[in-house]
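For reference, the chains in residue letters:
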Amino acid sequence: MSIENILAQAVAKAVKELYGIEAAPESIVPQQTKKEFEGNLTIVVFPWVKEARKSPEAVATEIGNWIVDNEPAVARFNVVKGFLNIVIEPRFWNSALKHVVDTPDYGTVAVTDKSPLVMVEYSSPNTNKPLHLGHLRNILLGYSLSRILKACGNKVVKTNIVNDRGIHICKSMLAWQKWGNGATPQSVGKKGDHLIGDFYVLFDKHYKAEVKELMEKGLSQEDAEKQSPLMLEAREMLRRWEQKDPEVRKLWEMMNSWVYDGFDETYKRMGVDFDKIYYESDTYLEGKDKVLEGLEKGIMYRKEDGSVWADLTADGLDHKLLLRSDGTSVYMTQDIGTAKLRYQDYPIDKMIYVVGNEQNYHFQVLSLLLDKLGFKWGKDLVHFSYGMVELPEGKMKSREGTVVDADDLMAEMVNTAREVSKELGKLDGIDEAEAEAICETVGMGALKYFLLKVDPVKNMTFNPKESIDFNGNTGPFIQYTYARIRSVLRKAEQSGVKIGNYMTVEPNEKEIAVIQALTDFPSVVQKAGQIYSPALIANYAYELVKLFNQFYHDYTILGETDEAVRSLRLAICQAVAATVKTAMGLLGINVPERM
Ligand code: ARG
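The structure displayed is predicted, hence computed values, not measured ones.

Asks: I would appreciate a short explanation of the nonpolar core in the present structure.
Replies: In summary, soluble globular proteins display a tendency toward joint burial of nonpolar side chains. In terms of nonpolar packing, the biggest core is built from 167 residues, with Trp48, Ile63, Ile67 and Ile352 touching the most fellow members. Of all the elements, helix H21 (residues 563-586) adds the most residues to this core, at 14 residues. Other than its neighbours up to four places away in sequence, isoleucine 67 contacts Leu7, Ala10, Val11, Ala14, Val74, Leu84 and Ile86. Core analysis: the second largest hydrophobic core is formed by 33 residues, Met119, Met332, Ile336 and Val355 among them.

Asks: Would you take a moment to explain the pairing of strand S12 (residues 382-386) for this structure?
Replies: Looking along a regular strand, one sees the side chains alternate between the two faces of the sheet. Judged by how many residues are buried, S12 sits mostly within the fold: 5 of 5 residues are covered. Each parallel crossover has a hand, and for strand S11 (residues 350-356) linked through helix H14 (residues 360-372) to S12 it is right-handed.

Asks: When you look at the site of the ligand in this model, what are you seeing that I'm missing?
Replies: Inspection of the region around the ligand gives Glu121, Ser124, Asn126, Ile161, Asn163, Tyr331, Asp335, Tyr353, Val355, Gln359 and Phe363 as its neighbouring residues. A distance of 2.8 Å separates a nitrogen atom of the ligand from a polar side-chain atom of glutamate 121. Take asparagine 126: an N or O atom from its side chain is 2.8 Å from a nitrogen atom of the ligand. About the coverage of the ligand: the protein hides 82% of its 350 Å² of free accessible area.

Asks: Is there a simple way to think about the pattern of salt bridges in this case?
Replies: Note on pairing: side chains with opposite charge can pair once their charged atoms come close. All told, the structure shown has 31 salt bridges when counted by the stated rule. With its nearest N and O atoms 3.4 Å apart, the salt bridge here joins glutamate 242 to arginine 165. With glutamate 242 in helix H10 (residues 229-242) and arginine 165 in the loop between strand S6 (155-162) and helix H6 (167-179), this residue pair connects regions lying 77 residues apart in the sequence. Residue class for arginine 165 comes out buried when judged on its relative accessible area of 10%. With a shortest N-O distance of 3.7 Å, arginine 240 and glutamate 247 are connected by a salt bridge. By sharing partners, the salt bridges in this structure join Arg165, Glu242 and Glu280 into a single network.

Asks: Could you clarify how one ought to interpret the sheet that holds strand S3 (residues 74-80) in this entry?
Replies: Strands belonging to one sheet form pairs held by backbone hydrogen bonds; the direction of such a pair is parallel or antiparallel. Reading across from one edge, S1-S2-S4-S3 is the order of the 4 strands in this open sheet, with antiparallel pairing throughout. For this open sheet the edge positions go to strand S1 (31-32) and S3, each flanked by a neighbour on one side alone. Bridge analysis of S3 against strand S4 (residues 83-88) gives 6 bridges, and the strand direction is antiparallel. By the bridge assignment for S4, phenylalanine 77 is matched with isoleucine 86. Set on the sheet, helix H1 (residues 3-19) makes contact with strand S2 (41-44), S3 and S4; between it and S2 the angle comes to about 35°.

Reading the values: rules and limits
Residues numbered from 1 in each chain as written. Predicted model: local features only at pLDDT ≥ 70, side-chain atom pairs only at ≥ 80, totals over all residues. Heavy atoms only, no water. Core = buried A, V, L, I, M, F, W, Y, C linked by side-chain atoms within 4.5 Å. Buried < 20%, exposed > 50% of the residue type's maximum accessible area, 1.4 Å probe, protein only. Helix = DSSP H or I, 4+ residues; strand = E, 2+ residues; numbered from the N terminus. Contact = heavy atoms within 4.5 Å. Right-handed = clockwise from strand over helix to strand, strands pointing away. Near = heavy atom within 4 Å. Polar contact = N/O pair within 3.5 Å; in protein donor to acceptor, adjacent residues only side chain to side chain. Areas by Shrake-Rupley, 256 points an atom, 1.4 Å probe, with all protein chains shown as cover. Salt bridge = Lys/Arg side-chain N within 4 Å of Asp/Glu carboxyl O. Pairing = 2+ DSSP bridges. Axes fitted to C-alpha atoms, helices over the stretch in contact; angles between N-to-C directions.

Function cannot be read off these values alone, since they describe shape.
Here's what the structure looks like:
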């Protein structure tokens, strides 16, 4: 149990015995004691003052005396108004540290047969273009959330829904047929997703030219867009796809497979993966069936033109179209079908959709519909919504000039990591292969950390230069501290220094600060899982590393001659390294053994 929990329980008992007040231990949250006072943790007693009918000082003093007498972890206390500042028994920190050192996967909870199953959906791209910066934020959040939820003791299934069918992919297919000259990823030496993206852009260019021409001939924009021969052809292709025309399906399969190879490369470089991938071409018909089922049960209704709708006005929302009059599905129908297949495949207890905030309404509606259709997890589905991400003005325009390509950005980050590391002389004396691996780890770490440390709800600007600063709230700063600790531990090992008994040493203030932060970790992980917040983990890692650096700056480790003191410090090094590694792992970030 963490010291916060021990204290909370002791205080809950104290107020019960002293005043007969029932206080849930979870409602008592000890704070870090302010610098100017003596103490490690502070309890605010104001909530009990009224019922106790005493002054805040008297209440704090009585509780203080009670816990000193009854809780061995409490050494002494002082009172400042309604604040009870508590000094933890120094010996307690030694065993708290030992607990961290001795616990494998410290901070995480093991998954058991009885654990609930959480499915986390992220990425969910369309197959007509490569992944971009927005996807990076999405994928990193989703992957990190999956890791955090698993660390909280949930079974986690990581999933993806690929939008592989529809007019968008037909546009790329048509452009390839017309102007592709049989180009393949191999023949032009390009990733498949980029190649398909190029054809999508090409379609758009020709289409816009056509529309312009038609408008010059006197057509309104609307009519021109409708009558554009290219658009008509694309629609015709979609119809043939729906009818399972073998020729169209073959082309579709080939081009999609190029895209998947491209996506896989991107996912691999990001270090993320999925347990199960769904494809819209498999799920949209399921959705149609499910809607028709709902129609029979009276959950949906049919309009005169044959279209099928759900009336959500009783829930404060609109009427929602689910099947068009020609029987074709819409985006929502697909999501219902996907939900059905997923629930057939897994006993889902909780479903989390990581999707941008422009789809907030969509998921509000989806939740209601799934609930009405009888999915037990529908009502409480989580739309993990996040904001836009941009680059600072003028940085790295992509091929199309609007969105920032994910692959380009990752390559750019690794290049920057190489430049910065060389400048700082950090790669001196390291052989080329390892140096390259370090640059990859640092460049990707910078990108991931910067995107994950902020509140996902907020729009943000990704600043490559700032993200790779070795002195700040950045991935590389944390990675660098980790590597430094590892280097100390390696040196200890090389010179035969072992961690001996450190239970007899009284830790100093800076050592206690580090140990106290370490004891916080399990509750931070739990909290991050409860509020779905990778940012909490990121900022924890930063705070821990800062405290460690303050300790490291002031005290020698291997040079320390008192063996017990040296052991304590080495144990701190080991515990911090392990905890940083775990925390960064929860963000999907690797840490280098040296840099
Ligand atoms: N492919 C969609 C898009 O790019 C996102 C899908 C999100 N997931 C979902 N279950 N609807 O907008």
